[in-house]
Each structure stands twice: as C-alpha cells, then as structure tokens.
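Residue strings, one per chain:
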Amino acid sequence: MKRKNILILLILLMGALLLACSQTKKESKIRFETNLDKHLEKELEKILIHIKSEELSDKDLEPIDLYYELKNDLAEEDLLKLPKGSYKIDYPNLLDKDLNIYKIDGPKEAILDSQTDKIDINLRIEKLEDLTLEERESSISEIEKFDEDAKNLLLSDDIKEKIKTMKEELAKEQEKARLMNNAFENYKKVLEDPKSYIELDNPDVDFSYYIYNISNTDIPQLFLSHFSTQYYNAIISMAYIDTNTDELKIIDRFAIESARVGIGLYEGSFVSSYISGTGNYEEYHIKLIDNKTEEKLMRAFHMDDENIPEPFEKEEFAWTDIYNMTSLYEEFNRPKTEIENAKKEYEKKLESIKTKIIEDAKAKGNLILKGTLHVLQNNEEMLEFQGKEDPNKLYGHSYDYGPYYILELDEAGEFTNYSPDGEVYIGSTQLINLWEIEKAELNGKRVIAITNSDGLIWPSDSSIPIGVPGTSCIEIYEDN
C-alpha cells in the first residue's frame, strides 16, 4: 500500500513538473500575427527570454524597450528584414504587451544612440540649423513621420517640445524669407528701370544704389543716388517695402547731398547734416519705424561754439552702379549660382556700354585717351609728383582742388588746345588733368579715358597742377 501511494505520489509530482515546464514554455512562447523567417523567429524568442530572465522580471515591459534589445542583438540587416506589424508576447508575472516592430528607412543617427540606448533625435535636430529652409521643413516632417509610424514611441516629451519650438522658429524664418524675397524682387525691378519708379527732372541721369537697413524690421531699404539739374546736387531716393501691405513704396526726394548737406549712416540710421550760411550746424538721424520715417536731432551747435559735441563715427555710402546687380544678390543672400550669373551679366553690360561710348566718342571726334592714371589727393602730392614748388607760396598758398586725376600718356602727344581767352592752338603734353571723375580704385592702372571734347583746355594761370591741360572725362575704364 505504501509502495502504491509512493508510486502515485511520484506520478503526480512528475505530472506537476511536466505541467510546469509546459506552462513555462508556453508563457515564453511568442505568438506572431505575421509570418517571420524561422531564423528571425528563433533570434527574437532568444532575446525575449533573455530580457525576461535577466533584466525585466519584475516590471512592465514597454514595446520600445524590446526594440532597443532587438537593435542591440540582431544584425542590422536582419532587423530591417522584420516586417512591420504587431506581435503578441506572453511573459510570466508580466502583463501582456504588444510589440510593435517598424522598419525605419531614415538615417541611423535618427533611430538609436548606441551609447544611451535611447532614440537620438537630438543629433538630427542640431543638424537642422545647417540646412536650408526647404531642407529643414522636410527633415522635421521626416522625424515626425518616424514617430507617427512608431505609434508615438520614438520621441520623448522634451524632444517633442524641441520640435514644436523649431517649427515655430521655422515658420518665422519662412515668413522672413518670404518678405526678403518680396523685397529682393521689387528692388530688382526698380534697378532694372528706375526711371519708371522715380520722378526725375533729368531724363539722362545715371543712378547708383546702396542697400542698408534703417527700419525696425529685418527688411533693408534700397537707396538710390542721382543728379538733379533742378537742385544741381545729388538727390537720394529711398525704396522700401510696406510690411503691412507687402507693397513697394518710393520716397523720390528722401535727401539732398550738397556742399552744405552731408549724408552718412550710423548704427541703423540715415544721417543728414546741414551747415547754414551763418555757421549753424544741425545733424539729424532718420529711421523707418512701422513704415514711417522718424527723424531725431542728434547734434546742434554754432561753428564758433567753444564746446562742440563729439561727432558720430559715420559710415559712408558705398554706392554701386545700378547695372551691377551683384551687391543686391549678395545682400539678400541669394544662391551662389545667381550671384555668379549677376556678375557675368554685369561684365557683359559693361562691355556693351563701353563699346557704345567709344563708338559715340569716335563719331563725334572726341578724344579717346590711353595711359596710366595717377590719383593725387592734394596739392602737396600733386607738386611732389610734378617735382615743382607751389608758385603761389609768396602770396599764401594755392587753392587745393584735390584729389587730382592725372592721366600720364605713354609719350607726349600733340593736341588741339583751347585757352580761356578763346585762342586755339596746337600744343604738346604728356600729362592731362581729367575732370569730373571719381575712380580712385584705378590709381596706378592703365586706363582708357573717353572725353566730351576734341581738344584740351590749357591753363592760363598758376593754379595746380602747374601747366597741365585738362578735359572733362565722361567715362574711364581699366585697359585690359
């Protein structure tokens, strides 16, 4: 009897052990809703058993944690073979969990950081600042698509907040880019045909331009300089974009530059200064605030005052010929290809203008001169160049008309000379004083000078430069 009872007990114990083993095996069995390659199925089961026994025996298992383990234990080519789908997994002492495996085709650094075993979107976000607006928008959408595909498992709350902030900043930058592009396109049209936008008293006027921002926005203004026969001085016009309407606005006579009116720039302001005939000095700083000009008196004194306020270190206008669109393209950060094309177009335009001016000068019989240009800033430099002394030093000094633009011909030539008293004769000279030009950058270079006369005017007094005939120069080019 005892032996029978012992046998029954052994049978029951063996049955219990078998039941326990079968339950353990069942509990660790992975049930797949989609078919997997047998190799991947075994690998996946091995990893999950490892997780269960070694690391996660007493806490709930998040689906993404399993993804980390898969990423660390499976070869990447095997991992990427896993079909997109949901897999039901049973663990002892754990709640049932759905494991979502997703094939992500994005860059590796956007999926996993191997050092922290966490999804590393940070690296991708840092790189966004180096991208163009179009690339940045696409990249953010791609990152969010990763998260959407993974049922919001890839991005933590702080990463989501970073992306939200970046999208807000991106929207602001896109709006700024839109406004800048609108300004660029409008300013380009003005430079292509300024006479259609600006009221002129001189239809043959030449324009130059400068881009500068005196507003309380990110959009700079377009300043244009042109000569007025009515005021016999340079007129400064200003084109700007009304940020409320996106419309182009023009102030035809924004300022006048003359012997008594000086202009300049200072820390985001247009500077206009005036000296009256009685010696009173006033300096105004002008800004464009909310699409309206506002001026502020910054300095006011009489030239004879003992305590004159310190001057502001103003910046000069670096005027550019309107045919040269390169500055406009550069100021608005246009693509390099557009900037290069603008340079090529300017070179072609210059060559075309140069050819026409030379042909017109030849047809009129005007002088076309070649030689080396010397730019001498004052009487002292001019006298040193000539190797002479001031002929008027006994009476004080000669009036300084510098800078002087002196063309030195390769050799002396004979020219028709007109004297102030009307006498006409033939004279020889190697130096010619060129008037009405400002081309300091050509100092020391070989040039071609086009004049508006068939001869030279010979001086009849002792003014400097001594004994050097002169002529008006309508254009001057480097002789390549």
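Just above, that's the structure.
In this report, the structure presented in the accompanying data block is examined.

Parameters and conventions
- Position labels on residues start from 1 in each chain and follow its written sequence.
- Local features in a predicted model are, by the rule used here, given only for residues with pLDDT of at least 70; side-chain atom pairs are given and counted only at 80 or more, and totals for whole chains, interfaces and linings are based on all residues.
- Neither water nor hydrogens contribute to the side-chain values; these are computed over all heavy atoms in the structure.
- Segments assigned H or I by DSSP are reported as helices when at least four residues long, segments assigned E as strands when at least two residues long, and all are numbered from the N terminus.
- Categorising residues by exposure relies on relative accessible area from a 1.4 Å probe, with only protein chains included: less than 20% of the type maximum marks a residue as buried, more than 50% marks it as exposed, and the intermediate range marks it as partly exposed.
- The sign given to each residue is positive for Lys and Arg and negative for Asp and Glu; His and the chain ends receive no count.
- The salt bridge criterion pairs a side-chain nitrogen of Lys or Arg with a carboxyl oxygen of Asp or Glu, the two atoms within 4 Å.
- Only heavy atoms enter the contact rule, under which two residues are in contact if any of them lie within 4.5 Å.
- The definition of a polar contact used here is a pair of N or O atoms within 3.5 Å, where within protein one atom must be able to donate a hydrogen and the other to accept one, and adjacent residues in sequence count solely through side-chain atom pairs.
- Paired strands, in this sense, are two strands between which DSSP finds at least two bridges.
- Where helices are involved, their axes are fitted lines through C-alpha atoms of the stretch in contact, as for all axes, and angles between N-to-C directions lie from 0 to 180°.
- Taking the helix axis as origin, the arc is that swept by the directions to the C-beta atoms.
- The criterion is simple. A nonpolar core is a set of buried Ala, Val, Leu, Ile, Met, Phe, Trp, Tyr and Cys residues joined through side-chain atoms within 4.5 Å.
- The rule is short: rings of Phe, Tyr and Trp, with Trp giving its six-membered ring, pair when the centres are within 6.5 Å, and they are stacked under 30 degrees, edge-to-face over 60, tilted in between.
- Like charges are joined within 9 Å and nonpolar side chains (Val, Leu, Ile, Met, Phe, Trp, Tyr) within 5 Å, but only among residues with over 30% relative accessible area and no salt bridge; these make up the patches.
- What sets the accessible areas is the Shrake-Rupley method with a 1.4 Å probe; for residues, cover comes only from the shown protein chains.
- Think of each charge as sitting on NZ of Lys, CZ of Arg, CG of Asp or CD of Glu.

1. What to know about the side chain of lysine 354
Considering the arrangement of structural elements, one finds lysine 354 in helix H9 (residues 336-364). Of the side chains with opposite charge, glutamate 351 lies nearest to the buried lysine 354, which makes no salt bridge, at 4.7 Å. Apart from residues no more than four positions distant in its own chain, lysine 354 is found in contact with Ile448, Tyr477 and Glu478.

2. Quick notes on the side chain of serine 276
Within the fold, serine 276 resides in the loop between strand S9 (269-275) and strand S10 (280-289). Within polar-contact distance, the side chain of serine 276 engages the side chain of threonine 278 at 3.0 Å.

3. A short note on the sheet that holds S9
One open sheet accounts for 4 strands, arranged S8-S9-S10-S11; its pairing is antiparallel. For this open sheet the edge positions go to strand S8 (261-266) and strand S11 (292-302), each flanked by a neighbour on one side alone. For this sheet the average axis-to-axis angle between neighbouring strands, irrespective of direction, equals 20°.

4. Topic: helix H10 (residues 379-386)
Where H10 is concerned, the buried positions are Asn379, Met382, Leu383 and Gln386. Projected onto a plane normal to the axis of H10, the buried residues spread over an arc of 95° and lie on a single side. Exposed residues pointing more than 90 degrees away from the buried face of H10 are listed as Glu380 and Glu384. Those residues of H10 that are buried lie in contact with strand S13 (368-376) and strand S14 (404-418). Taken from the residues just after H10, glycine 387 is the one with a positive phi, measuring 70°.

5. Some points on the nonpolar core
Counting residues in hydrophobic clusters, the biggest one holds 39 residues, and the most contacted among them are Tyr187, Leu222, Phe223, Phe270 and Leu328. Here the element with the most residues in this core is helix H7 (residues 157-192); it accounts for 7 residues. Among the nonpolar cores identified, the runner-up in size contains 17 residues, and Tyr405, Ile432, Ala449 and Cys473 belong to it.

6. Here's the deal with the sheet that holds strand S6 (residues 233-242)
Strand order in this open sheet of 5 strands is S7-S6-S5-S4-S12, and the pairing throughout is antiparallel. Edge positions in the sheet fall to strand S7 (247-257) and strand S12 (320-321), since each has one partner strand and no second. As judged from the 8 bridges shared by S6 and S7, these two strands associate in the antiparallel manner. The residue of S7 that forms the bridge with isoleucine 236 is alanine 255.

7. A word on the packing of aromatic side chains
Working definition: an aromatic ring pair is given by the centre-to-centre distance plus the angle between the planes. The tally for this structure, following the rule as stated, stands at 15 aromatic pairs. These aromatic residues form a ring-pair network of at least three members: Tyr210, Tyr212, Phe223, Phe254, Phe270, Phe317 and Trp319.

8. Quick notes on the pattern of salt bridges
In this structure the tally under the stated criterion is 12 salt bridges. In this structure, arginine 299 and glutamate 283 form a salt bridge, with 3.2 Å as the shortest nitrogen-oxygen distance. Taken together, the residues span a long stretch of sequence, with arginine 299 in strand S11 and glutamate 283 in strand S10 at a distance of 16 residues. Of the two residues, arginine 299 and glutamate 283, neither departs from the other in class, the shared state being buried. Through salt bridges with shared partners, one network takes in Glu175, Arg178 and Asp246.

9. Remarks on unusual backbone geometry
The peptide bond linking glycine 402 to proline 403 adopts the cis configuration, its omega dihedral lying at 5°. Mapping proline 403 onto the fold places it in the loop between H10 and S14. In this chain, isoleucine 464 is followed by proline 465 through a cis amide linkage whose omega measures 5°. Here aspartate 246, not a glycine, exhibits a phi torsion of approximately 70°, which is positive. Relative to the helices and strands, aspartate 246 is located in the loop between S6 and S7.

10. Quick word on a negative patch on the surface
A surface patch of negative charge is lined by Asp157, Asp158, Glu161, Glu168 and Glu169. Relative to the elements of secondary structure, aspartate 157 occurs in helix H7. Its relative accessible area of 65% is what places aspartate 157 among the exposed residues.

11. Brief notes about the pairing of strand S4 (residues 207-212)
Taken across its 6 residues, S4 has 6 buried, putting it largely inside the fold. Residues of S4 alternate between two faces, with Phe207, Tyr209 and Ile211 on one and Ser208, Tyr210 and Tyr212 on the opposite face, all of them buried. Here S4 runs beside strand S5 (residues 221-228); their pairing, made up of 6 bridges, is antiparallel. Opposite tyrosine 212, over in S5, you have glutamine 221 as the bridge partner. When S4 meets S12, the two strands line up antiparallel, connected through 2 bridges.

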